[in-house]
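Below, each chain spelled out in residue letters.
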Amino acid sequence: MQVNSGVSAVSMKAVVLLSGGLDSYTAAAVAAQRGFELYALTVRYGQVHAREVAAAREVAGALEVAQHREIDVDLAAFGGSSLTGEGAIPKSTLESPERTRIPSTYVPARNTVLLSLALAWAESLGARDLVIGVNAVDYSGYPDCRPAFIEAFEKLAVLATRAGVEGQAFTVHAPLIRSSKADIIRLGLSLCLDYKVTHSCYDPAPDGGPCQACDSCLLRARGFRDAGAVDPLLTSDATS
């Protein structure tokens, strides 16, 4: 099966997982450009960097989504990730030899859980399209950001739903999965996206500002640098 690296308007409605980061914002914008009516889903899964939920609200407003729902599923109850409070957020490790390992910021089965929730909402809406901003090029070593995972979830969606049993396939659109962070940023800028409303940091300051040292901040900084662009979050206006 070919991973759907572009978004084609198979149906008018699509459920998009919206985290408040620049990847999910860009993926959603691509879907909107292709004619989808967006139903945005943001999950408070117990992440300590909950600033991203506020950013997701701003992104949803910028995208003018049809609906934006926020739900709570406490994955922190299971532990296993520094993103849900188990241990410190690693800093300045992006170029470390240890990067061959799955990092502590991996949340066990997170994308499986989130896509399952998106699938449930999509089926109730009569939608057959899900959109997720996963990326397997400049990604942080997460197994659930790979093309094989997206392909497998599409198969699961057919087997696990009434719509699938009745012969209706679901498509998981991952338009950024083979793009570098710089390519993603260039694409977003070409779509006139305002990345000032996004949030990427795993360990923000009390005022919500980026730490500029966690892997997510470093990936974002490298992406803007390689794209030849300035991160609006780091301008004097954004940080004042």
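Residues numbered from 1 in each chain as written. Predicted model: local features only at pLDDT ≥ 70, side-chain atom pairs only at ≥ 80, totals over all residues. Heavy atoms only, no water.

J.: What is the right way to read the sheet that holds strand E4 (residues 129-131) from this model?
T.: Hydrogen bonds along the backbone pair up the strands of a sheet, which may run parallel or antiparallel. If you walk across this open sheet you meet the five strands as E3-E2-E1-E4-E5, and the pairing is parallel. The open sheet has two free edges, formed respectively by strand E3 (67-72) and strand E5 (171-173), since each of these has just one partner strand. Averaged over all adjacent pairs, the angle separating strand axes in this sheet is 25 degrees, with direction ignored. (Pairing = 2+ DSSP bridges. Helix = DSSP H or I, 4+ residues; strand = E, 2+ residues; numbered from the N terminus. Axes fitted to C-alpha atoms, helices over the stretch in contact; angles between N-to-C directions.)

J.: Explanation requested: the packing of helix H1 (residues 22-33) against helix H6 (residues 181-190) in the structure shown.
T.: How two helices sit against one another is set out by the angle between their axes and by the gap between those axes. Packing of H1 against H6 leaves a shortest axis separation of 10 Å and a crossing angle of 50 degrees. As judged from the angle between their axes, H1 and H6 are oblique. Here the hand of the crossing between H1 and H6 comes out left-handed. Side by side, H1 and H6 meet where Leu 22, Asp 23, Thr 26 and Val 30 of the first sit next to Lys 181, Ile 184, Ile 185, Leu 187 and Gly 188 of the second. (Parallel < 35°, antiparallel > 145°, perpendicular 65-115°, else oblique. Left-handed = near helix turned anticlockwise from the far one by under 90°. Contact = heavy atoms within 4.5 Å.)

J.: Any chance you could explain the packing of aromatic side chains here in plain terms?
T.: Each pair of aromatic rings is reported with the distance of its centres and the angle of its planes. Under the counting rule described, the total for this entry stands at five aromatic pairs. Relative to Phe 153, the ring of Phe 149 has its centre 6.4 Å away and its plane inclined at 45 degrees; by these criteria the two rings are tilted. With a gap of four residues between them, Phe 149 and Phe 153 both fall in helix H4 (residues 147-160), about one helical turn apart. Each member of the pair, Phe 149 as well as Phe 153, is classed as buried. Taking 6.0 Å as the distance between ring centres and 90 degrees as the angle between the ring planes, the aromatic pair formed by Tyr 195 and Phe 224 counts as edge-to-face. Separated by 29 residues along the polypeptide, Tyr 195 in the loop between H6 and helix H7 (215-227) and Phe 224 in helix H7 bring together distant segments of the chain. In this pair, the class of Tyr 195 matches that of Phe 224, namely buried. These aromatic residues form a ring-pair network of at least three members: Tyr 25, Tyr 195 and Phe 224. We note Arg 110 situated over the ring of Tyr 142; from NZ or CZ to the ring centre the distance is 6.0 Å. (Phe/Tyr/Trp six-rings, centres within 6.5 Å; stacked < 30°, edge-to-face > 60°. Buried < 20%, exposed > 50% of the residue type's maximum accessible area, 1.4 Å probe, protein only. Lys NZ or Arg CZ within 6 Å of the ring centre and 35° of its normal.)

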